[in-house]
Amino acid sequence: MVIRLEEVVKVYRLGRVEVRALSGISLEIPRGEYVSIMGPSGSGKSTLMNLIGALDRPTSGRVYIDGVDISGLNDDQLALLRRKKVGFVFQQFNLIGKLTALENVALPMWFAGIPRAARMRRAKELLELVGLGERLHHKPAELSGGERQRVAIARALANDPEIILADEPTGNLDTSSGMAVIELLEELNRLGKTLVVVTHDLDFGRRARMRVKLRDGMVREVER
Amino acid sequence: MLEYLRFSLRNLSHHKLRSFLTLLGVIIGIMAVVSMISIGSGMKASLKEQLEQLGSDKVFILPRIAYGTAAATLTDGDAEAIGRVPGVAFVSPLYSVAGDVTYRNERRIVKIYGVDPEKAEATFGAGASGYRLLKGRWLQRGDRYKAVIGYGVHSDVFSRDVNVGNTILIHGVEFQVVGVFKKTGDREKDYTIYANLDVIREIFGVGDRVTLIIARAERGADIEEVRLRIERLLEDRKGSDENFFVMTQKEILERVGEAYRVVQVVFGGLAAVSLIVGAIGIANTMVMNVTERTREIGVLKATGASNAQVMKIFIADAALLGVAGGLAGVLLGVLISMGINAAAAHYLGEGVLTTTVTPALAAFALAFSLIIGVVAGIYPAYRAVKLDPVEALRA
Ligand SMILES: Nc1ncnc2c1ncn2[C@@H]1O[C@H](COP(=O)(O)OP(=O)(O)O)[C@@H](O)[C@H]1O
Ligand SMILES: [Mg+2]
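Residues numbered from 1 in each chain as written. Chains lettered and ligands numbered in written order. Predicted model: local features only at pLDDT ≥ 70, side-chain atom pairs only at ≥ 80, totals over all residues. Heavy atoms only, no water.

(A) Seen up close, the packing of helix α9 (residues 249-292) of chain B against helix α12 (residues 359-386) of chain B. Residue and element names in this part refer to chain B. The N-to-C vectors of α9 and α12 enclose an angle of 35°; their axes lie 8 Å apart at closest approach. The hand of the α9/α12 crossing is right-handed. Counted together, L275, A279, I282, A283, M286, V287, V290 and T291 of α9 and F368, I372, G373, A376, Y379, P380, R383 and A384 of α12 form the full contact between these two elements. Of the residues that constitute the contact of α9 with α12, the class distribution is 13 nonpolar, two polar and one charged. (Axes fitted to C-alpha atoms, helices over the stretch in contact; angles between N-to-C directions. Helix = DSSP H or I, 4+ residues; strand = E, 2+ residues; numbered from the N terminus. Left-handed = near helix turned anticlockwise from the far one by under 90°. Contact = heavy atoms within 4.5 Å. Nonpolar A, V, L, I, M, F, W, Y, C, P; charged D, E, K, R; others polar.)

And the structure:
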């Protein structure tokens, strides 16, 4: 299992108000699996993704990523884990506006300490892989939504992570570029990456081998 | 580190106007520091040079100028008495006055030195004190209505050049010009007319008064000892030495140094205030910057940036802001220094005051602004580090 959750609870505190985003989730995701996570808005999908991606720690319960329990890790150990094991793709693309496509893709490799020449070379290869070999020096604002998301996917691949986490990657895209993004992600899964996709789109969701349905911070159903 | 600067350069150029406004404090502060130090060292160098030209074996005796009290006076009698002090080789009394001087019907106010032709030669004559004759000769014993003029009087004061053989009127009395000095670069010397002490005093009706006595010590005499003896003598003759300065060149330099230190403290305070304002400005902009870039910080963290790396990114930003301000400040300081040199050359004469921004001074200023940037960046960078990545990405 590349990801294992045991009785995971996540509570957000806003002053005196407590929001229970996840209330006791147990889940196992095998290496190389293709998982979709569906559920109504507010059901805890993004919270779950953040935990799987070592971006946050659970309030209680355990989250194992590649055998390591993240609940006991400090900030820098979490950062290291994200850097090596996880590639995020967000609905909002979250590219850095003042950097070119090439520089955005090279960013995670900078944090990993890869020399400039090597990371620029790999960033270029990755952009070619996602079909943006002609857009290397464009800033995000000069790219279409579909192109931006493909830059984000290339960035997610930068440090060759085990796991790709995509939280509503097609949410801001039209149908055809959304489809292209999903196909690109599936291609990565075929190449061996564990792929977890949050989606509202039933058609996209159905394509996954393993389908997790959430409601009110709990797993309602797992289909295989 | 280069990588962090490369990244920061993007942020700086992204917000040019705001960056500039933020940096005004640092720019002004560094500019003040740079121009203060360059002017100060230039002033010190030129005063030192002037005094060195006068020689280190001389004691200067002059009345203290005190407002509201009757000005103390020195007379020929004092000069003679000082001349008899053991260790004094000879004294050169001087009477200086600003008087009306007419040449070809043009009337100007010019500084006049009444000097004793015989004794003055050793003090003011060829070779000493930077005076060199351009034309003609120095005053001689028995010269009464003869004058030697500085280069400025020769070439600049009147619309036509005054030359050897020409006649000028000092306070209505005719004098024949017998010599012209070369340019010394010292405005005081270049714009002065030198004539017989007794004649000048007669014309201005000041009896046996002198305004400055220069006593030259014998070779090998202890100059400080000689100075003390002169001071005691004046005390005896005048009842008190309070009204007189009795100074060696070293003491004059020390006094100049003191005055300079006061200037330094004032300018330094000014610079310190603007640099503090500058640092606060940078810190403020950086806090704003961190707030605006919350989402970006989330992205940096999501893509694997450690706390130390986030810290460095924002410190580098602030450091770059500081250095940019420092660079602008140094450039402005250089311009001010150049402007002062040009003005000094025009109004005071060539070579009187030369300020320079040395590479070491520029490097110091830049290093200083770098430190200001880094210090100002610590708190904002810490805020960036403390941001929760999940919260940051939701921003
Ligand atoms: N950082 C947070 N602070 C406070 N409440 C949060 C935070 N993140 C999520 N929540 C709340 O937790 C619940 C689950 O949110 P989320 O995981 O974003 O749901 P989904 O992605 O399925 O729409 C929601 O009620 C949301 O308002
Ligand atoms: Mg969500």
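(B) Structural view of the site of ligand 1. Residues in contact with ligand 1 amount to 14 residues; listed here are only the nearest, G42, K45, S46 and T47 of chain A together with R394 of chain B. Neighbouring residues of ligand 1 are distributed over chains A and B. In this structure, G42 of chain A approaches ligand 1 through a main-chain N or O atom, which is 2.7 Å from an oxygen atom. Protein chains bury 79% of the 550 Å² of accessible surface belonging to ligand 1 in isolation. Listed by contribution, the elements that provide at least two residues to the shell around ligand 1 are β1 (3-14), β2 (17-29) and α1 (45-52) of chain A together with α13 (389-394) of chain B. (Near = heavy atom within 4 Å. Polar contact = N/O pair within 3.5 Å; in protein donor to acceptor, adjacent residues only side chain to side chain. Areas by Shrake-Rupley, 256 points an atom, 1.4 Å probe, with all protein chains shown as cover.)

(C) Structural view of helix α5 (residues 145-156) of chain A. Given a rise of 1.5 Å per residue, twelve residues ought to cover 16 Å, and the 16 Å separating the end C-alpha atoms of α5 of chain A matches this to within 8%. With nine of twelve residues buried, α5 of chain A lies mostly within the body of the structure. Within the sequence span of α5 of chain A, burial applies to G146, E147, Q149, V151, A152, I153, A154, R155 and A156 of chain A. On its buried side, α5 of chain A packs onto β6 (86-90), α3 (101-111), α4 (116-129), β7 (163-167) and α6 (175-190) of chain A together with α10 (294-302) of chain B. (Expected span 1.5 Å × (residues − 1). Buried < 20%, exposed > 50% of the residue type's maximum accessible area, 1.4 Å probe, protein only.)

(D) Representation of the layout of surface pockets. Size it by volume and the second largest pocket reaches roughly 780 Å³. Forming the boundary of the second largest pocket are 28 residues, of which S46, T47, N50 and D167 of chain A together with R394 of chain B lie nearest the centre. Secondary structure elements with two or more residues in the lining of the second largest pocket: β1, β2, α1 and β6 of chain A together with α13 of chain B. Among the residues forming the lining of the second largest pocket, the class breakdown is nine nonpolar, eleven polar and eight charged. (1 Å grid on protein atoms, 1.4 Å probe; cavity = no way out; pocket = protein on both sides within 12 Å on 5 of 7 lines; lining within 4 Å. Points joined across faces, edges and corners; volume = space filled by probe spheres on them.)

(E) Structural context of the sheet that holds β2 of chain A. Residues and elements named next belong to chain A. The four strands lie next to each other as β2-β1-β4-β5, forming an open sheet whose pairing is antiparallel. Both edges of this open sheet fall to β2 and β5 (68-69), since each of them pairs with a single strand only. Looking at chain direction, strand β4 (residues 60-65) and β5 are connected through two bridges and run antiparallel. Bridge pairing in β5 links Y64 to D69. (Pairing = 2+ DSSP bridges.)

(F) Examining the sheet that holds β7 of chain A more closely. All names here are of chain A. What the six strands build is an open sheet, ordered β6-β7-β8-β3-β9-β10; its pairing is mixed. On the outer flanks of this sheet lie β6 and β10 (218-223), each paired with one strand and no other. Each strand axis lies, on average, 15° off the axis of its neighbour in the sheet, ignoring direction.

(G) Fine view of the interface of chain B and chain A. Listed per partner, the contact involves 24 residues of chain B and 25 residues of chain A. Across the chain B to chain A interface the summed buried area is about 2300 Å²; carbon plus sulfur atoms make up 58%. It is R10, T303 and V390 of chain B in chain B that bury the most area against chain A; as a group they hold 24% of the surface buried on that side. The interface formed by chain B and chain A includes three salt bridges. For the salt bridge of E3 of chain B with R116 of chain A, the shortest nitrogen-to-oxygen distance reads 3.5 Å. For the pair chain B and chain A, the number of links is nine residue pairs in polar contact (both at pLDDT 80 or more). Here the element with the most residues in the side of chain B that touches chain A is helix α1 (residues 2-14) of chain B; it accounts for seven residues. (Buried area = accessible area lost by both parts, 1.4 Å probe. Salt bridge = Lys/Arg side-chain N within 4 Å of Asp/Glu carboxyl O.)

(H) Representation of the packing of helix α11 (residues 307-347) of chain B against α12 of chain B. Residue and element names in this part refer to chain B. Put simply, α11 and α12 touch, their axes get as near as 6 Å, and they point 145° apart. As for the relative orientation of α11 and α12, their crossing is right-handed in sense. Partitioned by chemical class, the residues of the contact of α11 with α12 number 19 nonpolar, six polar and no charged.

(I) Fine view of the packing of aromatic side chains. According to the stated counting rule, one finds eleven aromatic pairs over all chains in the structure shown. For the pair W110 of chain A and F7 of chain B, a centre-to-centre distance of 5.4 Å together with 45° between the ring planes defines the contact as tilted. Here W110 of chain A is found in helix α3, whereas its partner F7 of chain B is found in helix α1 on a different chain. For W110 of chain A, a relative accessible area of 10% puts it in the buried group. (Phe/Tyr/Trp six-rings, centres within 6.5 Å; stacked < 30°, edge-to-face > 60°.)

That is the geometry; function is a separate question.
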